[in-house]
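# Analysis of the macromolecular model
Given next are the chains, with one letter for each unit.
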Amino acid sequence: MTQLDSLPTRKGAITSAPRAVEIDGRMVPLAVRVNARARRIILRLAPGAAPDGSDGVSLTLPAQVSLSEGLAFVERSRGWIAARLKRLPAPVPIADGTLLPILGEEHLVKHAPWSRRPPWTEKGILWVGGAEEHLQRRVTDHLKSIARREIAARARAKSAKLAAQSTSSGKTPAPNLRPLGRITLRDTRSRWGSCSYRGDLSFSWRLIFAPLPVLDYVVAHEVAHLAHLDHSPAFWRVCDALSEEPGWTRSWLRRHGTGLLRYGG
């Protein structure tokens, strides 16, 4: 059973779109969107995507697939959804005493109520001043700042490397190379990064919880899309050339990526 809401389609018409699906007696948030580039129906978990922080499901429909077909796919996938929701790791609130992996190194969060300075790291401890009720927000803002700095620097360096390769003698891996556009960070739950036709790159700030080579791989992946918007063999050659450690990072993200979403709200 689904709860219905209204959703404008690509052509501006209004259709009934699901807002939630019943799984094992509880209503699980369900987000539906149409993607003209999608080649098939895509159903994914969306950990922590609901407004209250609960786990949900996202459904992506190709332009030629009707909403009713998509809903039927969801109904057939109830068992799959239930099994994967049970496998999700428990959420970890950010509080005094929480252990956080920051770029592959564990840090113990410690409240420093006497301090008014921004959060700082010292010998594996992340000290956070101010009132305790603001601790999670202050830590989150601090981590987003680190992620933004790390990701932006790597994206610019890799973009410059790609541009240099495309203009060097005898090397034209990217004849249609687009310039690097804006770099933004968001709290996306279904993808780690994206690249637009204009060359704008977007990343999940939660990559801060991954080992640094994994973050580097995601940046390389999106920068490689400046040359190839597909996932052709040519794209993967560029992606591997831009990655620091392409061998294991891709598989690490597939195995452990969901765990990066459990920290904080």
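Residues numbered from 1 in each chain as written. Predicted model: local features only at pLDDT ≥ 70, side-chain atom pairs only at ≥ 80, totals over all residues. Heavy atoms only, no water.

## Points about the packing of helix H4 (residues 212–224) against helix H6 (residues 246–256)
Under the convention used in this document: Note on geometry: axes are lines fitted to C-alpha atoms, helical ones only across the stretch in contact, with angles between N-to-C directions running from 0 to 180 degrees. Secondary structure elements are taken from DSSP: a helix is a run of H or I of four residues or more, a strand is a run of E of two residues or more, and numbering for both begins at the N terminus. Here the angle decides the label: under 35 degrees means roughly parallel, over 145 means roughly antiparallel, 65 to 115 means roughly perpendicular, and every other value means oblique. Residue contacts are counted whenever heavy atoms from the two residues lie within 4.5 Å of one another. By the convention adopted, Pro, Cys, Tyr, Trp, Phe, Met, Ile, Leu, Val and Ala count as nonpolar, Lys, Arg, Asp and Glu as charged, and the other residues, Gly among them, as polar.
Packing of H4 against H6 leaves a shortest axis separation of 9 Å and a crossing angle of 95°. As summarised for this structure, H4 and H6 are arranged roughly perpendicular, according to the angle between their axes. Residues Pro213, Val214, Tyr217 and Val218 of H4 form the contact with H6, whose own contacting residues are Trp248, Thr249, Arg250, Trp252 and Leu253. A per-class count over the contact of H4 with H6 returns seven nonpolar, one polar and one charged.

## Considering the pairing of strand E4 (residues 42–46)
Filter applied, for reference: The buried label applies to any residue whose accessible area, calculated with a 1.4 Å probe on protein chains only, is under 20% of its type's maximum; exposed applies above 50%, and partly exposed to all values in between. Whether two strands pair comes down to DSSP finding at least two bridges between them.
For E4, the tally of buried residues reaches four of five residues, placing the bulk of the element in the interior. Taken together, the five bridges between E4 and strand E5 (residues 56–61) define a ladder with antiparallel strand orientation. When the bridges of E5 are listed, Leu43 appears paired with Leu59.

## Examining the sheet that holds strand E11 (residues 193–195)
The mixed open sheet is built from three strands, whose spatial order is E10-E12-E11. With one partner strand each, in any of the chains shown, strand E10 (183–186) and E11 form the two edges of the open sheet. Averaged over all pairs of adjacent strands, the angle between strand axes in this sheet comes to 15°, irrespective of strand direction. As paired elements, E11 and strand E12 (residues 201–204) share three bridges and run antiparallel to each other. Along E12, the bridge assignment pairs Gly193 with Phe203. On the sheet, helix H3 (residues 135–167) packs against E10 and E12 and is oriented at approximately 145° with respect to E10. Each of E11 and E12 touches H4; the most contacted strand, E12, lies at about 155° to it.

## With respect to the packing of aromatic side chains
Stated precisely, the cut-off is as follows: Stacked, tilted and edge-to-face are the three classes assigned to paired rings of Phe, Tyr and Trp, where Trp is represented by its six-membered ring and a pair needs centres within 6.5 Å; plane angles under 30 degrees give stacked, over 60 edge-to-face, the rest tilted. Put simply, a charge is over a ring when the Lys NZ or the Arg CZ is close to the ring centre, within 6 Å, and near the line of the ring normal, within 35 degrees.
Summed over all chains, the structure comprises five aromatic pairs. Taking 4.7 Å as the distance between ring centres and 35° as the angle between the ring planes, the aromatic pair formed by Phe209 and Tyr263 counts as tilted. With a gap of 54 residues between them, Phe209 in the loop between E12 and H4 and Tyr263 in the segment after H6 connect regions that are remote in the sequence. Put simply, the rings of Trp114, Trp120 and Trp127 touch in pairs and so form one group of aromatic residues. We note Arg117 situated over the ring of Trp120; from NZ or CZ to the ring centre the distance is 4.0 Å.

## Some details on the packing of H4 against helix H5 (residues 233–242)
We apply this condition: A crossing counts as left-handed when the near helix is turned anticlockwise from the far one by less than a right angle, and as right-handed when that turn is clockwise.
Closest axis-to-axis distance for the H4/H5 pair is 8 Å, and the angle between their directions is 140°. What the angle tells us is that H4 and H5 run oblique. In this structure, the crossing between H4 and H5 has a hand that is right-handed. Contact with H4, carried on its side by Asp216, Tyr217, Ala220, His221, Val223 and Ala224, involves Phe235, Trp236, Val238, Cys239 and Leu242 of H5 and no other residues of that element. Residues belonging to the contact of H4 with H5 are distributed by class as follows: nine nonpolar, one polar and one charged.

## Remarks on the confidence of the model for the protein
We count it as follows: A score from 0 to 100, pLDDT tells how confident the predictor is in each residue.
Per-chain confidence: the protein averages 86 in pLDDT, with 87% of residues scoring 70 or above. Here residues 1–15 is a poorly scored stretch, pLDDT under 50, and it has 36 contacts once near neighbours within four places are set aside; other chains count.

## A short note on the sheet that holds strand E6 (residues 99–102)
If you trace the four strands from one edge of the open sheet to the other, you get E6-E7-E9-E8, paired in mixed fashion. Pairing within the sheet leaves two strands with one partner each, and these edge strands are E6 and strand E8 (120–122). On average, adjacent strands in this sheet sit at an angle of 40° to one another, irrespective of strand direction. Pairing analysis gives five bridges linking strand E7 (residues 105–112) to strand E9 (residues 125–129), with the strands arranged parallel. If you follow Lys110 over to E9, its bridge partner there is Trp127. Most of the contacts of H3 go to E9, to which it runs at about 125°, and overall it touches E6, E7 and E9.

## Some remarks on H4
The condition that has to hold: Helix span, as expected, comes to 1.5 Å for every residue beyond the first.
Taking 1.5 Å per residue, 13 residues should reach 18 Å; H4 reaches 18 Å between its end C-alpha atoms and fits that length. Of all the 13 residues making up H4, twelve are buried; the element is thus mostly covered by neighbouring parts of the structure. Listed as buried for H4 are Pro213, Val214, Leu215, Asp216, Tyr217, Val218, Val219, Ala220, His221, Glu222, Val223 and Ala224. Its buried side turned inward, H4 meets H3, E11, E12, H5 and H6.

## Some points on the nonpolar core
Under the convention used in this document: Residues belong to a common nonpolar core when they are buried Ala, Val, Leu, Ile, Met, Phe, Trp, Tyr or Cys residues joined through side-chain atoms within 4.5 Å.
Formed by 44 residues in total, the largest nonpolar core has its most connected members in Leu100, Val139, Leu143, Ile208, Phe209 and Val223. Only E6, E9, H3, E12, H4, H5 and H6 provide two or more residues apiece to this core. What Val139 contacts, discounting residues up to four positions off in sequence, is Ile94, Leu100, Val109, Leu126 and Val128. Membership of the second largest hydrophobic core comes to 19 residues, among which are Val21, Ile41, Leu43 and Leu59.

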